[in-house]
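# An overview of the molecular structure
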Amino acid sequence: MGRFVIRRLAQLVPVVLAIATLNFLLLQLAPGDAADIVAGRSGHATAEMVEQLRRDFGLDLPVHQQYLVYLERLMTLNLGYSFIYELPVATLILERLPATLLLMVLSITLAIGLGILLGLTAARNRGGVIDNVVSVLALVIYAIPQFWLGLMLIVFFSITLGILPSGGMIDVRVRDTGFVYALDVARHLVLPVLTMALFYVAIYTRLMRATMLEVYELDFITTARAKGVSERGVAWRHAARNALLPVVTLAGVQFGHLLGGSILVETVFGWPGLGRLVFDSLQQRDLNLLLGILFVSSVVVVLANLVADLAYSLLDPRIVHQ
Amino acid sequence: MYGKMRRMASAPAVLALLMAVSAQAQEPKQGGTLTFTYEPEPSALSTIATTAVPTALVSSKIFESLLEYEGPELTPVEGLAESWDVSEDGKTYTFKLRDDVQWHDGEPFTSEDVKFSVEKMVLPFHSRGKVYFGELAGVDIPDEHTVAFRLNQPVPFFLKAFQPTETPMMPEHILSSLDLSDASAVRQSDFMQNPIGTGPFRFEEWVKGSHIILERNEDYWKEERPYLDQVIFRVIPDGAARAVALETGEIDVAPMNSVPQADMARLADLEHIELSNEGAEGLGPILWLEVNLREKPLSDVRVRKAISMAIDRSKIVDVIWYGQGKPATGPIVSANPVFYDDTLSPFEYSPEEAEKLLDEAGYPRGTDGVRFRMEQHFTPYGESFVRLAEYVKNELGKIGIEVQTQSTDMGGWLKAIYTDWSYQMTNNFTHNYSDPQIGVQRAFISSNIRRGASFTNSMGYVNPRVDELFEQASTEIDEAKRKELFVEIQQILRDELPVIFLIEIAYSHLYNSRVHNLITNGISMYSNWDSVWVE
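Residues numbered from 1 in each chain as written. Chains lettered and ligands numbered in written order. Predicted model: local features only at pLDDT ≥ 70, side-chain atom pairs only at ≥ 80, totals over all residues.

Along its length, chain B carries 18 helices and 21 strands. With the C-alpha coordinates of chain B rotated into their principal frame, the extents come out at 75 × 55 × 45 Å. Burial statistics for chain B: of 535 residues in total, 54% are counted as buried. Contacts in chain B between residues far apart in sequence, at least 24 positions, make up 70% of those at least 6 positions apart. (Helix = DSSP H or I, 4+ residues; strand = E, 2+ residues; numbered from the N terminus. Buried ≥ 20, exposed ≤ 12 C-beta atoms within 10 Å, placed from the backbone. Contact = placed C-beta atoms within 7 Å.)

Dropping the structure here:
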């Protein structure tokens, strides 16, 4: 097990390096650079000012040299300076990462938990009313664009009912501390977490239902029933455990998706996280910042997949990592 | 306040009178928090680092300059300077500073700070520093509270320079330790994130991606000011979400078109929301079609006139900008209280005439009905500019010009228009600022045909007479004579159409009606809000 983890961590290096290289090359394709933008925003930039900025940012170097500088910095885990914020990229990312992780972990937990429960219930009532209601609802939610759902939730809960804040992470005007602060954050979390999770609830529900039905057809379920195990015991102890494997695989992969989805959700809800920073840095061609975020997020996604792999052996004792 | 009064004038007279009386009766209230928003979040909190709108909005509450301004025409009144004197030849400006002003860290504000701010900060690093202080010969400080600016030649708009965003006073005792020869050292200094000024509000906290908090400066030099305890900037990236936050009262002010145009009318109809299009006269936003004059067919003035005639400006205002704005009549916006030539007529809209001009210019319709094909870009400032590009494409298609639209992001747009000059036509949005010499001249003088310099003469427009007139206006201190020069410039630019002037976009400010005294002058959102109060 320990050796497996170490081997997987070692594999992480070439994967992340390949991603980093691809990111770097892709970003070279777009015309214009941060110097153009910084100068353009000022409204009165001279050509000399643009050149000066380009030198400051190291954008006057040939591409291969910029790439070498970039790699050299990555080796020492130095993510460089953001052109736009004039702050170290690592500082900016570390400020934002906790907010995004909070949002993501809560959303994925809710999505998996609710998805499994609904999927399982639907499968147990195959063809029944509950199954039909759950399946149709899942399909509808799956089809709703996330940003629209977010806005509708805001309209309903913030404007019509006036019970939840429309955005942000805390009520800045009050600035609570301690338990009241936590409660305030929780209030602000409800809508973004719902928006982010609902789509995945739909996916997991459908997946869980389908795999449960498959597992129900297998011989060992018949055996279990023959042994006199209760229907509830069959579902939870025998079928669900097996049906969970694809769900876990998908969750590992979807951690990356979720990070992408957080761009939309964080933008709609003004959530001060990493997704929002991606949007800003893309808009402003902040190469260092964007590369830094992509680097950190690729590490997070690769690690999430590692965790998913490890979870297999917990669920299915037949899988042994060596 | 005049912004609100004008809105009332359109309401039934009796009601208006009643409301005016009750508004008059209300005494300013001390205390409370004002929350506002803008997109994007600032990248720094000093206009020395960048003059982008969000930075200007926040930093103008923290920093002050020597003067303050009243009314749409920006009449200078005392600020950090309690009086000033201009020499007969217009080449020396002497300011007497207040002796009771201190920085937010408690150090006294002196003439040393003024000299340092202008010579070491604004002139080298502010993006308009050379426009204001390019003619500066020297700064004398005979004593702690006297500053004299000596100029090589008169600068007629010199007193406009002392706005909080344009010439902010910076603390020498903090900044002199920086390596001032290194622009990035200055931009990356901690000061740009943790500013210290003399203004009515002290910087308190900035949580990136979330909010910025400014607290009341208890030692402010104006008695009993500011009224507010706190000013908060909230980061709300999504336009629809900004509109909602204003509606629910989570924010009080959405300045300068920061909610989508499509939502404005609906919000303004709400009982607790006010809309004002005033208070930005000192910025003078204007929209035009920039055309590359280096190549046929756009080098032909008849073609440009035809394009101008094919476009219905009032439709652009009504449909694309939801009625917030008015057709432009030339390079200087009509809100300019001094130099706008009010005899100018609206541009003619006549697709039939446009077709005749194109025939005359030698571009008859081909067998497919097309006279010629061209490309256009659009400013990546959001949805309205895309819709404008679509409208222009559609209208020009009707007179036989087939337009293809190129989409780019900001970096790509700036490069195509100002570095490569590899464009044919693009919509563009710029500001007049408080004097034509600052915001208008830059786009039309031939010495500003410089690759890589943004918001300059990308068209390649050369007219020696226009150059000469701007040159004369730059040193003419008699305002009436100076106006004559600008009137002639407006005439020439209308006739030659180096750009196709479209509309004067309104800067609409939406705010909760519990907010008072918000609109006070032509740079209301860039003012220090020391007299703003909330119920």
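With that settled, the discussion passes to the overall build of chain A. Secondary structure assignment for chain A yields 12 helices and 0 strands. If you list the helices and strands of chain A from N to C, you get α-α-α-α-α-α-α-α-α-α-α-α. Within chain A, contacts between residues at least 6 apart in sequence are counted, and of these 72% link residues at least 24 apart.

Residue and element names in this part refer to chain A. Running from amino to carboxyl end, helix H9 (residues 219-226) crosses helix H10 (residues 231-269) at an angle of 145°, the nearest separation of the two axes being 11 Å. The two elements H9 and H10 meet at a crossing, and its hand is right-handed. Where H9 approaches H10, its residues Phe220, Ile221, Ala224 and Arg225 are matched on the opposing element by Val234, His238 and Ala239. (Axes fitted to C-alpha atoms, helices over the stretch in contact; angles between N-to-C directions. Left-handed = near helix turned anticlockwise from the far one by under 90°.)

For the rest of this paragraph, the subject is the interface of chain B and chain A. You'll often see interface size given as the accessible area lost when the parts meet. Each side of the interface is counted separately: chain B has 50 residues, and chain A has 48 residues. Those elements giving two or more residues to the side of chain B that touches chain A turn out to be strand S1 (33-37), helix H7 (183-187), strand S9 (211-216), strand S10 (230-234), helix H8 (239-248) and helix H14 (410-419) of chain B. Here the side of chain B that touches chain A is built from residues that sort into 21 nonpolar, 17 polar and 12 charged. (Nonpolar A, V, L, I, M, F, W, Y, C, P; charged D, E, K, R; others polar.)

Within the secondary structure layout, Lys481(B) lies in helix H18 (residues 479-496). Here the alpha-carbon distance between Lys481(B) and Asp179(B), two residues 302 residues apart in the chain, equals 44 Å.

The next point concerns unusual backbone geometry. All names here are of chain B. Glutamate 39 connects to proline 40 through a cis peptide bond whose omega is 0°. Position of proline 40 relative to the elements: it lies in the loop between S1 and helix H3 (53-62). A cis geometry characterises the amide bond from arginine 225 onward to proline 226, with omega recorded as -5°. Within the element layout of this structure, proline 226 appears in the loop between S9 and S10. Positive phi is not limited to glycine here, since tyrosine 322 has a value of about 50°. Relative to the assigned elements, tyrosine 322 resides in the loop between helix H11 (313-320) and strand S14 (325-327). Positive phi values are uncommon outside glycine, yet tyrosine 433 reaches one of about 60°. Tracing the sequence through the fold places tyrosine 433 in the loop between strand S17 (425-431) and helix H15 (436-439). Residue tyrosine 433 is classed as buried on the basis of its C-beta count, with 25 C-beta atoms lying within 10 Å.

What follows concerns the sheet that holds strand S7 (residues 146-151) of chain B. All names here are of chain B. The 4 strands are arranged S4-S5-S7-S6 in an open sheet whose pairing can be described as antiparallel. Each edge of the open sheet carries a strand with a single partner, namely strand S4 (81-86) and strand S6 (136-143). For this sheet the average axis-to-axis angle between neighbouring strands, irrespective of direction, equals 15°. The pairing of S6 with S7 spans 5 bridges and is antiparallel. (Pairing = 2+ DSSP bridges.)

Turning next to the nonpolar core. Soluble globular proteins tend to bury their nonpolar side chains together. Ranked by internal contacts, the top residues of the largest apolar core, which has 235 residues, are Tyr204(A), Leu246(B), Ala306(B), Ile500(B), Leu502(B) and Leu510(B). In terms of residues, this core owes the most to one element, helix H8 (residues 178-216) of chain A, which gives 15 residues. Once residues lying within four places of it in the same chain are set aside, the contact partners of Tyr204(A) are Ala111(A), Ile112(A), Gly115(A), Ile116(A), Gly119(A) and Val247(A). (Core = buried A, V, L, I, M, F, W, Y, C linked by C-beta atoms within 7 Å.)

Right, let's get into the packing of H8(A) against H10(A). Residues and elements named next belong to chain A. The contact between H8 and H10 brings their axes to 9 Å, and the two run at 160°. With respect to their mutual orientation, H8 and H10 come out roughly antiparallel. When you trace H8 past H10, the crossing you get is right-handed. For the pair formed by H8 and H10, the contact residues are Leu191, Pro192, Thr195, Met196, Tyr200, Tyr204, Leu207, Met208, Thr211, Met212, Val215 and Tyr216 on the first element and Ala239, Asn242, Ala243, Pro246, Val247, Leu250, Gln254, Gly261, Ser262, Val265 and Phe269 on the second. Here the contact of H8 with H10 is built from residues that sort into 17 nonpolar, 6 polar and no charged. (Parallel < 35°, antiparallel > 145°, perpendicular 65-115°, else oblique.)

We now examine H8(B). Residue and element names in this part refer to chain B. A large share of H8 lies buried, amounting to 8 of its 10 residues. Among all positions in H8, only Gly239, Ala241, Arg242, Ala243, Val244, Ala245, Leu246 and Glu247 are buried. Directly after H8, the chain includes glycine 249, whose backbone phi takes a positive value near 85°.

Moving on: the environment of Thr329(B). Structurally, the position occupied by Thr329(B) is in the loop between S14 and helix H12 (351-360). Separated by 171 residues in sequence, Thr329(B) and Ile500(B) have C-alpha atoms that sit 10.0 Å apart.

Let us look at the pairing of strand S18 (residues 499-505) of chain B. Residue and element names in this part refer to chain B. Within S18, 7 of the 7 residues are buried, which leaves it mostly tucked inside the rest of the structure. For strand S13 (residues 285-291) and S18, the ladder comprises 4 bridges, and the chain directions are antiparallel. Directly across from leucine 289, in S18, lies its bridge partner isoleucine 500.

All names here are of chain B. Taken residue by residue, chain B gives an average pLDDT of 92. The fraction at 70 or more is 95%. Under a pLDDT of 50 for its full length, residues 1-22 has, in the predicted model, 19 contacts with residues more than four places off or in other chains. Note on the complex model: pTM 0.86, ipTM 0.80. (pLDDT = per-residue confidence, 0-100.)

Below, the discussion takes up the environment of Val317(B). Residue and element names in this part refer to chain B. Structurally, the position occupied by valine 317 is in helix H11. Expressed as a C-alpha distance, the spacing of valine 317 and proline 327, which sit 10 residues apart in the sequence, is 7.1 Å. Filtering out sequence-adjacent residues up to four positions away, valine 317 remains in contact with Gly323, Gly325, Lys326, Pro327 and Ile503.

The subject of this paragraph is the pairing of S13(B). Residues and elements named next belong to chain B. Of all 7 residues making up S13, 7 are buried, and the element is well covered by its neighbours. Burial of the side chains of S13 extends over both faces: Pro285, Leu287, Leu289 and Val291 are buried on one face and Ile286, Trp288 and Glu290 on the other. In the sheet, S13 pairs with S17 via 7 bridges, with the strands oriented antiparallel. Counted as the bridge partner of leucine 289 is asparagine 427 from S17.

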